[in-house]
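Observations on the model geometry
The chain contents come next:
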Amino acid sequence: MTKEEFLNDMTEILDQEETVAMDTVLAEIDEWDSLGSLMFQSKMLERGCGKLDVAKIKQAETVQDLYALAQK
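Notes on the structure follow. Remember, it's a predicted structure, so these values are computed and weren't measured experimentally.

Scoring rules and cut-offs
- Residues numbered from 1 in each chain as written.
- Predicted model: local features only at pLDDT ≥ 70, side-chain atom pairs only at ≥ 80, totals over all residues.
- Heavy atoms only, no water.
- Patch = residues over 30% accessible without salt bridge, like charges linked within 9 Å, V, L, I, M, F, W, Y side chains within 5 Å.
- Areas by Shrake-Rupley, 256 points an atom, 1.4 Å probe, with all protein chains shown as cover.
- Salt bridge = Lys/Arg side-chain N within 4 Å of Asp/Glu carboxyl O.
- Helix = DSSP H or I, 4+ residues; strand = E, 2+ residues; numbered from the N terminus.
- Buried < 20%, exposed > 50% of the residue type's maximum accessible area, 1.4 Å probe, protein only.

Together, Leu35, Leu38 and Met39 give the surface a local cluster of nonpolar side chains, amounting to about 290 Å² of exposed area. Residue placement: leucine 38 occurs in helix H2 (residues 34-46).

Written as structure tokens, this is what we have:
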């Protein structure tokens, strides 16, 4: 998955009007909550990234952190 594809997915998951950036801070987005996290996990499974560690997802501070998790 390319960064562009990932950012498009995250923009959709976070229900943002403009494309999010890698340095977007998750805590500043209202839609980044338990449902957003589940939607992220589901999308990454759909993309073939496998099951991601929920604890590591909760520790993520930026979209870049989530991208790094999805690349492992």
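We now examine the pattern of salt bridges. Think of it this way: side chains of opposite charge can pair up when their charged atoms draw near. Applying the stated criterion to the full structure yields two salt bridges. Between arginine 47 and aspartate 9 there is a salt bridge, with the nearest N and O atoms lying 2.8 Å from each other. Of this pair, arginine 47 sits in the loop between H2 and helix H3 (54-59) while aspartate 9 is found in helix H1 (residues 3-13), placing the two residues 38 residues apart along the sequence. When its relative accessible area of 36% is taken as the criterion, arginine 47 is described as partly exposed. Look at aspartate 9 and you get buried, because its relative accessible area is 6%. Lysine 43 serves as the salt-bridge partner of glutamate 46, at 3.3 Å between the closest nitrogen and oxygen. Separated by three residues within a single helix, glutamate 46 and lysine 43 lie in helix H2, roughly one turn from each other. Owing to a relative accessible area of 60%, glutamate 46 belongs among the exposed residues under this scheme.

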